[in-house]
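Spelled out from the first residue to the last, the chains are:
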Amino acid sequence: ISVWWISLIWSGFGIGRNQMSEVRKEIKYVVPIADFLSMKPQLLQIMKADVNGEDGHYTVRSLYFDSIYDHDLNDNISGMMEKRKVRLRTYDPKLGRVRLEWKCKEGSDGRKFSFWISKEEAMGMIEGDFSFLEEREGSLEQTLYKRLLQGCYLPKTIIEYQREAYSYPVSDTRITFDQSVRAVQGGLNFFEDELCGLPLIDESVGIFEIKYNDFVPYPIRQITSGIDRCAVANSKYTQARLALI
């Protein structure tokens, strides 16, 4: 996809270049935990643990919204080139603020737009009140407000998992490994200390993901060659919705 074509797409959403994240590519694999553990010593020799959490380990909890007719879910299931996801994300439900994120993908290219909102604003969203976005001046906030309002977006599912994350400076490469992926229907308990969710993947495997800007650096390709298998389209949101139906 050409840079020119992508710029047309984003300008069509009313989002200026100064508000765009870098274009990122993602490759996902479902990998046995044993395979990941065999690679981990080599990864640690060249990569740094994520600054979040303890030694790169932390909990991720996301609440996904979708239109009243599940347009975002159906785009994923149908394999559409353009995919959108709106979610709230926290790494600690006790904090007084969360991230509001809009993840947009065009084929394998993706961008993530995000900003902080208060816990009170997040609770308002869960109850169907998006008015705080209309009051903000940013074009991203205005674009999201129109999308959420026109699509009658509702909280659909909470997804929580344990993540290990490591970074490598070349091509801004990042590796994540997610385990114990669980889903909860709805969103009213998003801020509860503990959730009892439905497991989405077997406890013996995890979701291994390589994220990068331009190319996967040679040392990373060497280390991960042991998982030389077909990449999978592994949308946690889609898995959760289908599992909870």
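Computed from a prediction, not measured in an experiment: that's the story for all the values here.

Parameters at a glance
- Residues numbered from 1 in each chain as written.
- Predicted model: local features only at pLDDT ≥ 70, side-chain atom pairs only at ≥ 80, totals over all residues.
- Heavy atoms only, no water.
- Salt bridge = Lys/Arg side-chain N within 4 Å of Asp/Glu carboxyl O.
- Helix = DSSP H or I, 4+ residues; strand = E, 2+ residues; numbered from the N terminus.
- Buried < 20%, exposed > 50% of the residue type's maximum accessible area, 1.4 Å probe, protein only.
- Contact = heavy atoms within 4.5 Å.
- Phe/Tyr/Trp six-rings, centres within 6.5 Å; stacked < 30°, edge-to-face > 60°.
- Lys NZ or Arg CZ within 6 Å of the ring centre and 35° of its normal.
- Core = buried A, V, L, I, M, F, W, Y, C linked by side-chain atoms within 4.5 Å.

**Section: the pattern of salt bridges**
Point 1. Per the stated rule, a full pass over the model turns up 18 salt bridges.
Point 2. We note a salt bridge from Asp109 to Lys25, for which the minimum N-O separation is 2.3 Å. Of this pair, Asp109 sits in strand E6 (residues 109–118) while Lys25 sits in strand E1 (residues 24–32), and the two are 84 residues apart along the sequence.
Point 3. Between Asp70 and Arg241 there is a salt bridge, with its nearest N and O atoms 3.0 Å apart. Here Asp70 is found in the loop between strand E3 (57–66) and helix H3 (71–78), whereas its partner Arg241 is found in helix H8 (residues 236–244), with 171 residues between them in sequence.
Point 4. On the basis of relative accessibility, which here comes to 16%, the residue Asp70 falls in the buried class.
Point 5. Linked by salt bridges that have partners in common, Glu26, Lys103 and Lys105 make up one network.

**Thoughts on H8**
Point 1. Within the span of H8, buried status applies to Lys236, Tyr237, Thr238, Ala240 and Arg241.
Point 2. Contacts from the buried residues of H8 go to E3, H3, strand E4 (82–90), strand E7 (154–168), strand E8 (173–185) and strand E10 (205–212).

**Thoughts on the packing of aromatic side chains**
Point 1. Taken as a whole and judged by the stated rule, the model has 6 aromatic pairs.
Point 2. Between the aromatic rings of Phe36 and Phe177, the centroid separation amounts to 4.1 Å while the plane-to-plane angle is 10 degrees, which identifies the pairing as stacked. With Phe36 in helix H2 (residues 33–46) and Phe177 in strand E8, this residue pair connects regions lying 141 residues apart in the sequence.
Point 3. Take Phe36: its relative accessible area is 1%, and that puts it in the buried class.
Point 4. Among the aromatic side chains, those forming a connected cluster through ring pairs are Phe36, Phe177 and Phe208.
Point 5. Of note, Lys236 hangs over the ring of Tyr161, and the distance from its end group to the ring centre comes to 4.5 Å.

**With respect to the nonpolar core**
Point 1. If you look at the biggest cluster of nonpolar residues, it comprises 27 residues, and the most contacted ones within it are Leu88, Leu100, Ile117, Met125 and Leu133.
Point 2. Contributing elements (two or more residues each) for this core: E3, E4, strand E5 (97–106), E6, helix H4 (119–126), helix H5 (131–134) and helix H6 (139–150).
Point 3. When near neighbours in sequence (up to four residues on either side) are disregarded, Leu100 contacts Val86, Arg87, Leu88, Phe113, Ser114, Phe115, Ile117, Met125, Leu133 and Leu144.
Point 4. Core analysis: the second largest hydrophobic core is formed by 18 residues, Phe36, Tyr168, Tyr212 and Val216 among them.

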